[in-house]
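# Fold and contact review
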Amino acid sequence: PPVVDKRTLCIYLHECGHVMHRHRGPMNARRLPRSTEEYQAERHSWYAIRAWGMEPPRGYKRGSRLYVGDCIAEDDANGELVDPKIRRWARYDT
């Protein structure tokens, strides 16, 4: 989406995080669990927006954790190993 507010800026920065971590495309040397990729992209967006002296908008952080939690559930269902640190960050309990 076009960047028109802090929420869409966070989404843009999230997608930049995927590029920075080389989650997709020919430079992706290995496939990470989806929860790991999404966690890294979310954390990138949080760090980047804070580097500019802003905070993610109200509700964005909770939504980020819920989204990564959904990815954890998907990884669990597919037999992927999920980093316990990511489970704690997402406040995800099986």
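Before reading further, recall that the structure is shown in the block above.
Okay, so let's go over this structure. (Residues numbered from 1 in each chain as written. Predicted model: local features only at pLDDT ≥ 70, side-chain atom pairs only at ≥ 80, totals over all residues. Heavy atoms only, no water.)

### A word on the pattern of salt bridges
- Within this structure, the stated rule accounts for 4 salt bridges.
- A salt bridge links glutamate 55 to lysine 61, with the shortest nitrogen-to-oxygen separation between them at 3.8 Å.
- For aspartate 76, the salt bridge is made with arginine 87, and the minimal N-O distance between the two is 2.6 Å. One end of the pair, aspartate 76, is in helix H3 (residues 60-77); the other, arginine 87, is in helix H4 (residues 84-90), with 11 residues separating them in the sequence.
- Salt bridges here are not isolated pairs; linked through shared partners, they connect Arg50, Glu55 and Lys61. (Salt bridge = Lys/Arg side-chain N within 4 Å of Asp/Glu carboxyl O. Helix = DSSP H or I, 4+ residues; strand = E, 2+ residues; numbered from the N terminus.)

### Digging into the packing of helix H1 (residues 6-20) against helix H2 (residues 34-51)
- Where H1 contacts H2, the two axes come as close as 7 Å, and the packing angle between them is 125°. Relative to H2, the element H1 lies oblique. Pair H1 / H2 crosses with right-handed handedness. When H1 is examined against H2, the residues Lys6, Leu9, Cys10, Leu13, His14, Cys16, Gly17, His18 and Met20 are found in contact with a partner set consisting of Glu37, Glu38, Ala41, Glu42, His44, Ser45, Ala48 and Ile49.
- When grouped by side-chain class, the residues that make up the contact of H1 with H2 number 8 nonpolar, 5 polar and 4 charged. (Axes fitted to C-alpha atoms, helices over the stretch in contact; angles between N-to-C directions. Parallel < 35°, antiparallel > 145°, perpendicular 65-115°, else oblique. Left-handed = near helix turned anticlockwise from the far one by under 90°. Contact = heavy atoms within 4.5 Å. Nonpolar A, V, L, I, M, F, W, Y, C, P; charged D, E, K, R; others polar.)

### A word on the nonpolar core
- Core analysis: the biggest nonpolar cluster contains 14 residues, and Val68, Ile72 and Trp89 have the highest contact counts within it.
- Secondary structure elements with two or more residues in this core: H1, H2, H3 and H4.
- In terms of residue count, H2 provides more of this core than any other element does, 4 residues in total.
- Filtering out sequence-adjacent residues up to four positions away, valine 68 remains in contact with Ser35, Glu38, Tyr39, Glu42, Ile86, Trp89 and Ala90. (Core = buried A, V, L, I, M, F, W, Y, C linked by side-chain atoms within 4.5 Å. Buried < 20%, exposed > 50% of the residue type's maximum accessible area, 1.4 Å probe, protein only.)

### A short note on the environment of glycine 63
- Residue position: glycine 63 is located in helix H3.
- By relative accessible area, glycine 63 is classed as partly exposed at 34%.
- Expressed as a C-alpha distance, the spacing of glycine 63 and alanine 90, which sit 27 residues apart in the sequence, is 9.8 Å.

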